[in-house]
Each structure stands twice: as structure tokens, then as C-alpha cells.
Amino acid sequence: MAKAFSLISLLFLSLLVLSQSLPLSTRGRWIVDSKTGQRVKLSCVNLVSHAQSMVAQGLDKRPLKDLANEIVSRDYNCVRLTWSVYMFTRHPFETIGDVLDGLDINKVKNGVKKHNPQILNMTVTSAFKTVVDGLGNAGLMVIMDNHISQPRWCCSLHDGNGFFGDRNFKPIEWLRGLAFVARHFSWHPKVVGMSLRNELRGSNNVDVWRKYVKQGSHLIHRINPRLLVVISGLNYDNDLSYLKKKPLGYNLHNKVVLEAHLYSFSGEPESKFVKKPLNIACNQVMDKFEREAGFVVDMKNPYPLFLSEFGYDLRGVNKAQNRFMSCFLARIIGKDIEWAYWAFQGSYMYRQGQQDVDESFGIMDSTWTKDRSPRLQQMLKLAKRINQDPNSKAPLSYIMLHPVSGQCVQLDGKGGIELGDCEKPTLWDHTGDGSPMKLSNGQCLKSAGDGKPPVVSAECSGDGSSWTVASKAKLQLATKSGGEKICLEKESDTSIVVKKCICLKDEWNCFDDPQPQWFKLVPTNVA
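As the structure is a prediction and not an experimental result, all values here were calculated from the model.

(A) Geometry of the overall build of the protein. For the protein, the helix and strand inventory stands at 13 helices and 23 strands. Taking 2.2 N^0.38 as the reference for a compact globule, 527 residues should give roughly 24 Å; the C-alpha atoms of the protein span a radius of gyration of 25 Å, in line with that estimate. Counting only C-alpha atoms and orienting by the principal axes, one finds that the protein spans roughly 85 × 50 × 50 Å. Residues classed as buried in the protein amount to 61% of the 527 residues present. Partitioning the intrachain contacts of the protein with sequence separation of at least 6 by distance along the chain shows that 71% fall at a separation of at least 24. If you sum the accessible surface of the protein, you get close to 21100 Å²; carbon and sulfur atoms cover 52% of it. Counting 67 positive and 52 negative side-chain charges, the protein places the averaged centre of each group 5 Å from the other.

Here it is as C-alpha cells:
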């Protein structure tokens, strides 16, 4: 008996040590390790567990351990795991097998039985904990996202789940759900944050928002002060602009993170990316994003911004969404903010009355065995890198990113430049429009003339040596040759030339595609 007690005590102490091994905090606009003060950048994927099946998607396709390892192998470091309030207030003791039987989805149930048979006899609560354990065992941080009240597909203006007091969104039950999750995972070392609510909508009542956001955030912090508390804005998580006039007023001992979403269809139809001149459309959407959400990292008393949802059709068939993604990645990489891609799942067990439904935004394909678009890995590589370190004393330099491909400008070893992987990007010094683009050895990027590859030269003055960030979108790098503006342009997989700038003269009426000339100067103080 004494031996058993000692083993239990040892286990408890080891869990206690683990629970204190990875708390995160905030320092201004950054998320940092609470103990060391080193920056921790969230590069996450969304994984749905809030839907009618009330369990994480993919368990009918692959063993849990394999799913977690697939996420890790793609260099994501965390999962935004969704849950619905009713899972823990109305269905906590219902078994997953009974849930799937109630939905009459035998194909899905048989898949779970094959790949994760232990899940079927688990309660909704136990199955959720098992998934969190599986993700944590793979080394992934987990952010618990309260996505909706009812277990169902989200999000509609008319589903009764949109705002405090709606028919399916009773604040008292919502607070009970938050308390349950905060308490139930208070010991878990890899659960690093909780969000209050996903995509509030249907009302712009800021006073009601402030009342319940304060109640929910303080409740979580009292129960589990280790956790980051993630707070979303109004209008489908698009709008935090009212904080300019009246700031939130608390940070819960450096634990508050603000949250935003953005898709090509946010706010207005995505057709704007094909019906308007592209530089204009990109500039307008990004300016709106800055006014409504991006500004929070630049306020007098800033907060970290977690871009907890963005994504696009990875089949590559939607021209407007493809253009949006290139435009948007340039901005979030330039600001070096935290993010979570929507979504990891290749399919849904049950969605809107159908079973085994494909997710065209999903990183995994519908078989859950390969990437839907291998190109996405390259596009997100620089977004996963810490480009700005609050502890670094190094001066800012720049990485030249081609956001459409996700490649970075590198030296080619032959006196020129090329596009390549962003693993170890070449750093450039640029002091402002009209100044040279310099390397640490003093050499500069220089145009060799229209249609020719640029060169790296000791000559840093005169035509072709001074560079300007041009266009409304601020995504073209221009210099002059014979009085004419010419821009860097991606010519093939790796080659770069300098050509006449696309759409600079009459941007409002030019419908040519400037994307081959889109290059973003990404600030960094990290070698």
C-alpha cells in the first residue's frame, strides 16, 4: 500500500512539474515563454472537434498518433482544437459510438473502429482528452477553441449561436462550458490557451461584448492562470476597431491575446480579386484588415494578434482565392504575427446532413494520406519562421519574399540572384525608397537592363542601383533604366529578371496580372 502511495505521489509530482514546463505569456505584441522570455511563435492548424460527431475529424481515417505526427512533420507547432459548449454541458457522458449511431453514419463508425477502436466506447469528454493527449505527446501545443454552442457546422447568421443571448447561446451555459474545459485541462502541460468564442456575429453591441468577454476571460484566468486567453472581435472575428476608442483595459497578468479571421470572402464577395485591378483590390483589403484588426500589435499598449483562421481552396481552381492568399501572406509574414491555417482535416465525418464530406481547404486530401497541395508547404515556410525577435539587438534587415510561390531571393553563386527555399534566406539592407539594396559585404543589387537578370555589384549608385517599394499594394520592387521604371519579375521556377513594371502607370484601370512582380520586403532581426 505504501509502495502504491509512493508511486501515485511520484506520478502527481511529475505531472505538476510538466504542467509548469510550458506556460506562455505575452510581452507587448509578442508571445513568449514565461520562464525564459524567449519568443514563441504560434504556427498552427485548425482541427475540428466541435461538429455533430463530437470528436476530432480524421479518427475514422488514420490512427490518432499518425494524425499528430502528420501535423508535426509539416513543421506546425500547435493545433487550434475546436469544441462546442453542449459537448461538455449536455453530452459529456455520451459515448462516441452512440453519437455516431445517432447520426446513422456506419461508414464513419467502421472507420473509427478500424483505426481508433478505443474511441468508440469513450465518453465525449474522455475522447476529447485522448485527442489532446495524443497531440501533446507528439509535442504539439493545443489551443482550445470554443467554436459554437451546438455541435454543428459553423457559422451562420441564423443558427442561433452567433451572439450572447441568442436562442442557442445562453451566457450562463457558455460560462459553465468554459469553466469545465479550463478546469478539466488545468494540469495538461501542452494546453497553452483557450479562446472565448469563435466568430461572434449578428450584433455589434460592444457593451454586451465587453461584459461577457470580461466575465469569460477572468473566469478562465481564475481557474487556470497558466493559460493564454484568446479574445475575438465582432462581425465574424473581423472587427476589433472599437478598441481604438476604448481599449480592453486588462491583460490578466500578461495572458491576453486578441484574435482575428480573414478569408477572400470576408466582408464582401471574393470576386473583387478578379473584377478590380489586383494591386488596388489587395491594397483595399489589407488596409481594411489593418484598420479593423492588424492595428492591435501597433497600439500604445499592444496585444499579440492571433490570426486563428485563414485559408483557401487548395485544389487551385479558384482564381480569386489564389490571388487573395498571395496578397494576404505577404502582409501576415511582413507583420510576423501568430496564425492558424484552416484547416488540417481532409474531410468531415458528418457535415450538413452528409457523411464523409470533402474539405477543399484541407491540408490533407480526402484520404488523409497526402497533401492536397504540396505547394502550401513552401508558401507557409517563411510564415513559420521567427523573423522578429524582441530579444535581439541586431538591426533590422530584409528578406525578399515572392509571396505567390513562397520562395525567397538568394544569391546564385554566379554574381546574380535566384529564387529558392526560405530555410536560410539572404538578408538585405534597404534604408528606404530610392536607396540601394545592400548585402552585408557592401555589394548591391543592380539592374543590368530591361529583360535581363539583375546582378550583384560593388557599384551602388546610379540608374539601376536604387530601389523603391512601388504600387498601391507595396509589392513591386522598382528601379529605373533610361528614365523608365522597371521591376523585379519571376521568370521561371528560380530565375529572376528585371522588366517593365506592370500596372504602375495607371493602376486603377490596369487589369494585367502583376503577381510575377510581387516581392515583399520582410523585416527581420534574426540571422
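Next comes the rest of the account.
(B) Structural context of the state of the cysteines. What the rule picks out here adds up to seven disulfides. Note on cysteine connectivity: C408 is disulfide-linked to C422, with sulfurs 2.1 Å apart. Across the S-S bond linking C408 and C422, the dihedral sits near 105°, which makes this disulfide right-handed. Pair noted here: C408 is in strand β14 (residues 407–411) and C422 is in the loop between β15 (417–420) and β16 (427–428), with a separation of 14 residues, a long-range link. Residue class for C408 comes out buried when judged on its relative accessible area of 0%. Through a disulfide, C503 is tied to C510; the S-S separation comes to 2.0 Å.

(C) The sheet that holds strand β6 (residues 191–195), seen in detail. Ordered in space as β3-β4-β5-β6-β7-β8-β9-β10, the eight strands form a closed barrel in which the pairing is parallel. Strand after strand, the sheet turns through a mean of 30° between neighbouring axes, direction not considered. As paired strands, strand β8 (residues 256–261) and strand β9 (residues 305–309) are joined by four bridges and run parallel to one another. When the bridges of β9 are listed, H261 appears paired with E309. Sheet strands touched by helix α7 (residues 124–137): β4 (78–84), β5 (141–148) and β6. Its angle to β4, the strand with the most contacts, is close to 175°.

(D) Up close: the UniProt feature "domain: Glycoside hydrolase family" (unreviewed entry) in the protein. The positions that UniProt labels "domain: Glycoside hydrolase family" (unreviewed entry) are, in the present scheme, residues 61–345. For residues 61–345, the helix share is 42%, the strand share is 14%, and the end-to-end C-alpha distance is 10 Å.

(E) Main features of the nonpolar core. In this structure, W83, M144, I231, L258 and F310 are the most contacted members of the largest nonpolar core, which totals 127 residues. With nine residues, helix α12 (residues 319–335) is the largest single contributor of residues to this core. When residues no more than four places from it in sequence are discounted, the contact partners of I231 are L196, W209, V213, S217, L248, Y250, V256, V257, L258 and E259. Among the nonpolar cores identified, the runner-up in size contains 18 residues, and I417, L419, I486 and V498 belong to it.

(F) Structural view of the environment of V469. The topology assignment puts V469 in strand β19 (residues 468–470). With relative accessibility at 18%, the residue V469 sits in the buried group. Considered as a pair, V469 and G434 are 35 residues apart in the sequence and their alpha carbons are 8.7 Å apart. Excluding residues that lie within four positions of it along the chain, V469 makes contacts with D433, K474, Q476, L477 and L521.

(G) Spotlight on the environment of D60. Within the secondary structure layout, D60 lies in the loop between β3 (43–47) and α2 (64–73). Taking the C-alpha atoms as reference, D60 lies 7.3 Å from N116; in sequence the two are 56 residues apart. Excluding its chain neighbours within four sequence positions, the residues that come into contact with D60 are V108, G111, V112, H115 and M349.

(H) Quick peek at the pairing of strand β13 (residues 397–402). The buried fraction of β13 amounts to five of the six residues, a majority that puts the element mostly inside the structure. As paired strands, β13 and strand β23 (residues 520–524) are joined by five bridges and run antiparallel to one another. Residue pairing for β23: I399 is matched across the bridge by V522. Of the pairings in the sheet, the one linking β13 to β16 comprises two bridges and is antiparallel in character. Counterpart to Y398 in the pairing with β16 is W428.

(I) Spatial organisation of the packing of helix α11 (residues 278–292) against α12. For the pair α11 and α12, interaxial distance at closest approach is 10 Å and the crossing angle is 45°. When the axis of α11 is compared with that of α12, the two are oblique. In this structure, the crossing between α11 and α12 has a hand that is right-handed. On α12, the residues touching L278, C282, M286, F289 and E290 of α11 are R323, C327, F328, R331 and K335. Residue composition of the contact of α11 with α12, by class: six nonpolar, no polar and four charged.

(J) Examining the packing of aromatic side chains more closely. Counted according to the given criterion, the structure contains 21 aromatic pairs. Here F310 and Y341 contribute two aromatic rings whose centre-to-centre distance is 5.6 Å and whose plane-to-plane angle is 90°, an arrangement assigned as edge-to-face. Linking F310 in the loop between β9 and α12 with Y341 in strand β10 (residues 338–341), this pair joins segments that are 31 residues apart in sequence. On the basis of relative accessible area, Y341 is assigned to the buried category, the value being 0%. One aromatic cluster is present, formed by Y76, F273, F289, F310, F324, F328, W339 and Y341 through successive ring pairs. The lysine or arginine in question, R351, covers the ring of W153, its NZ or CZ lying 3.7 Å from the ring centre.

(K) Local environment of the layout of surface pockets. When its volume is computed, the largest pocket comes out at roughly 550 Å³. As for the largest pocket, its lining consists of 26 residues, and the residues nearest its centre are W153, C154, C155, E199 and F265.

Procedures and definitions
- Residue indices follow the written sequence of each chain, beginning from 1 at its first position.
- Predicted model: local features are reported for residues with pLDDT of at least 70 only, side-chain atom pairs are reported and counted for 80 or more only, and whole-chain, interface and lining totals are derived from all residues.
- Calculated side-chain values reflect all of the structure's heavy atoms, with hydrogen atoms and water omitted.
- What counts as a helix is a DSSP run of H or I of at least four residues, what counts as a strand is a run of E of at least two, and both are numbered from the N terminus.
- The globule rule is 2.2 Å times the number of residues to the power 0.38, and the radius of gyration it is compared with is taken over C-alpha atoms.
- Burial classes: relative accessible area under 20% of the type maximum marks a residue as buried, over 50% as exposed, and values in between as partly exposed (1.4 Å probe, protein chains only).
- Only heavy atoms matter for contacts: two residues are in contact if any of them lie within 4.5 Å across the pair.
- Throughout, the Shrake-Rupley method with a 1.4 Å probe supplies accessible areas, and for residues the shown protein chains are the sole cover considered.
- His is not counted, nor are the chain ends; Lys and Arg add positive charge and Asp and Glu add negative charge.
- Note that the charge is assigned to NZ on lysines, CZ on arginines, CG on aspartates and CD on glutamates.
- Only a pair of cysteine sulfur atoms within 2.5 Å qualifies as a disulfide here.
- Strand pairing follows a simple DSSP-based rule, namely that at least 2 bridges must link the two strands.
- Orientation is described by axes fitted as lines to C-alpha atoms, over the contacting stretch for helices, and by angles from 0 to 180 degrees between their N-to-C directions.
- UniProt positions are given in the numbering used here, feature names are shortened, and annotations may be inferred rather than shown by experiment.
- For the purposes of this section, nonpolar cores are sets of buried Ala, Val, Leu, Ile, Met, Phe, Trp, Tyr and Cys residues that join through side-chain atoms within 4.5 Å.
- By definition in this entry, angles of less than 35 degrees are roughly parallel, angles greater than 145 are roughly antiparallel, angles of 65 to 115 are roughly perpendicular, and the rest are oblique.
- Crossing handedness: left-handed means the near helix sits turned counterclockwise from the far one by under a right angle, and right-handed means the same turn made clockwise.
- Charged residues are taken to be Asp, Glu, Lys and Arg, nonpolar residues to be Ala, Val, Leu, Ile, Met, Phe, Trp, Tyr, Cys and Pro, and polar residues to be all remaining types, Gly included.
- Centres within 6.5 Å make a pair out of two Phe, Tyr or Trp rings, where for Trp the six-membered ring is used; the pair is then stacked when the planes are under 30 degrees apart, edge-to-face when over 60, and tilted otherwise.
- Cation placement over rings: the criterion is NZ of Lys or CZ of Arg within 6 Å of the ring centroid and within 35° of the ring normal.
- A pocket here means an open set of points on a 1 Å grid, computed over the protein atoms alone, that has protein on both sides within 12 Å along at least five of seven lines. A cavity is instead a set of points where a 1.4 Å probe fits but cannot get out; residues with an atom within 4 Å of a point line either one.
- Grid points are joined across faces, edges and corners, and a volume is the space filled by probe spheres set on the points.

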